Amino acid sequence: MRKPSPPIPRIALTGGIGSGKSTVAGLFAALGVPVIDTDVISRQVVQPGSPLLAQIRERFGSGVVSAGGQLDRRALRNLIFTDAAARADLDALMHPAIRAELARQSAAAGGRYQLLVIPLLVESGMTGLAQRVLVVDCAPEEQLRRVRVRDGVTLEQARAVLAAQASREARLSAADDIITNTGEIQDLRTQVEALHLRYRALSPNP
Ligand code: ATP
């Protein structure tokens, strides 16, 4: 009988809003690394007609589903924003579905190692899914500036989102590796290439 192949190392990539996660993930992807994004998965698992969307509708009411059968994310966000119990209920529905889909996509993706993009890694306690935690770090002032430019929101709106996330300190204390995103994209590329060599060396088939 063939021995089961050893598991592929998985690296969890996280960081606050606007820290540069997508930019960093794109640089790893350009090196041929399979990237699995839990933001994308969180939309896939609530497709119209999915069992999870039906459960969310049952818990939160028909106001969170649009006429076309899509999840109305804004309505749902408004419901949970000031209601910790509602947020906990939503997490209890979403997290198992996200974990299951993540496991499915990870098993199918192959590669020498994989990058799992998990923006709310620290908040959701999903740290155990990966062998290493990679944090993209930058100063909160820089996050605020990028989010305002990219999303066209006010300083107050950007601050409110930051305040609802884990602190920079909490994130850094969960980190095995850190990418500092305070300079040019070329600086990011240099850091990604160095990590890529180290992560490849973790692979059972380097
Ligand atoms: P979110 O949490 O909102 O998904 P994110 O952490 O994925 O954000 P990105 O989308 O990668 O962050 O970056 C936020 C914005 O800042 C983007 O418009 C991106 O192009 C820009 N940006 C990120 N890093 C740099 C950099 N080093 N130089 C210039 N622009 C940057």
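Residues numbered from 1 in each chain as written. Predicted model: local features only at pLDDT ≥ 70, side-chain atom pairs only at ≥ 80, totals over all residues. Heavy atoms only, no water.

Chemist: Even after reading the chapter, I still don't get the sheet that holds strand E3 (residues 114–117), so can you show me in this structure?
Modeler: Within a sheet, adjacent strands bond to each other through the backbone by hydrogen bonds, running parallel or antiparallel. Across the sheet, which stays open at both edges, the five strands sit in the order E2-E3-E1-E4-E5 with parallel pairing between neighbours. Whereas interior strands pair on both sides, the edge strands pair on one side only; in this sheet they are strand E2 (35–37) and strand E5 (177–180). Strand-to-strand twist of the sheet, defined as the mean angle between neighbouring strand axes without regard to direction, takes the value 25°. Across the sheet, helix H10 (residues 185–202) is in contact with strand E1 (10–14), strand E4 (132–137) and E5; its angle to E5 comes to roughly 160°. (Pairing = 2+ DSSP bridges. Helix = DSSP H or I, 4+ residues; strand = E, 2+ residues; numbered from the N terminus. Axes fitted to C-alpha atoms, helices over the stretch in contact; angles between N-to-C directions. Contact = heavy atoms within 4.5 Å.)

Chemist: I keep staring at the pattern of salt bridges and nothing clicks. Help me out?
Modeler: Pairing of side chains with opposite charge becomes possible as their charged atoms draw close. Tallied over the full model, the rule gives eight salt bridges. Among the ionic pairs, Glu142 bridges to Arg145, the shortest N-O distance being 2.9 Å. With Glu142 and Arg145 both in helix H7 (residues 140–151) and three residues apart, the pair spans about one turn of that helix. With a relative accessible area of 47%, Arg145 lands in the partly exposed category. Several salt bridges share partner residues, and in doing so they unite Arg132, Asp177 and Arg198 into one network. (Salt bridge = Lys/Arg side-chain N within 4 Å of Asp/Glu carboxyl O. Buried < 20%, exposed > 50% of the residue type's maximum accessible area, 1.4 Å probe, protein only.)

Chemist: Is there a simple way to think about the site of the ligand in this case?
Modeler: The immediate surroundings of the ligand are formed by 13 residues, with Lys21, Ser22, Thr23, Arg150 and Asn181 found nearest. Measuring from an oxygen atom of the ligand, one finds a side-chain N or O atom of Ser22 at 2.7 Å. Protein contact buries 72% of the 630 Å² of open area that the ligand shows by itself. The set of elements that each furnish at least two residues to the shell around the ligand consists of helix H1 (21–30) and H7. Sorting elements by how many residues they give to the shell around the ligand places H1 first, with three residues. Its residues placed into classes, the shell around the ligand shows two nonpolar, eight polar and three charged. (Near = heavy atom within 4 Å. Polar contact = N/O pair within 3.5 Å; in protein donor to acceptor, adjacent residues only side chain to side chain. Areas by Shrake-Rupley, 256 points an atom, 1.4 Å probe, with all protein chains shown as cover. Nonpolar A, V, L, I, M, F, W, Y, C, P; charged D, E, K, R; others polar.)

Chemist: Before we go on, may I ask you to explain the packing of aromatic side chains in this structure?
Modeler: For any pair of aromatic rings, the description consists of the separation of the ring centres together with the inter-plane angle of the planes. Taken as a whole and assessed by the stated rule, the structure comprises three aromatic pairs. Centre to centre, the rings of Phe28 and Tyr199 are 6.3 Å apart; their planes meet at 25°, and the pair counts as stacked. Of this pair, Phe28 sits in helix H1 while Tyr199 sits in helix H10, and the two are 171 residues apart along the sequence. Classification of Phe28 as buried rests on a relative accessible area of 0%. We classify Tyr199 as buried; its relative accessible area is 1%. Ring plane angle 65° and centroid distance 5.4 Å describe the contact between Tyr113 and Tyr199, whose orientation is recorded as edge-to-face. Pair noted here: Tyr113 is in the loop between helix H5 (84–109) and E3 and Tyr199 is in helix H10, with a separation of 86 residues, a long-range link. Judged by relative accessible area, Tyr113 falls into the buried class, the value being 2%. In textbook terms, an aromatic cluster arises when at least three aromatic residues are bridged by ring pairs, as seen for Phe28, Tyr113 and Tyr199. Geometry around Phe60 places Arg59 over its ring, the cationic atom sitting 4.5 Å from the centre. (Phe/Tyr/Trp six-rings, centres within 6.5 Å; stacked < 30°, edge-to-face > 60°. Lys NZ or Arg CZ within 6 Å of the ring centre and 35° of its normal.)

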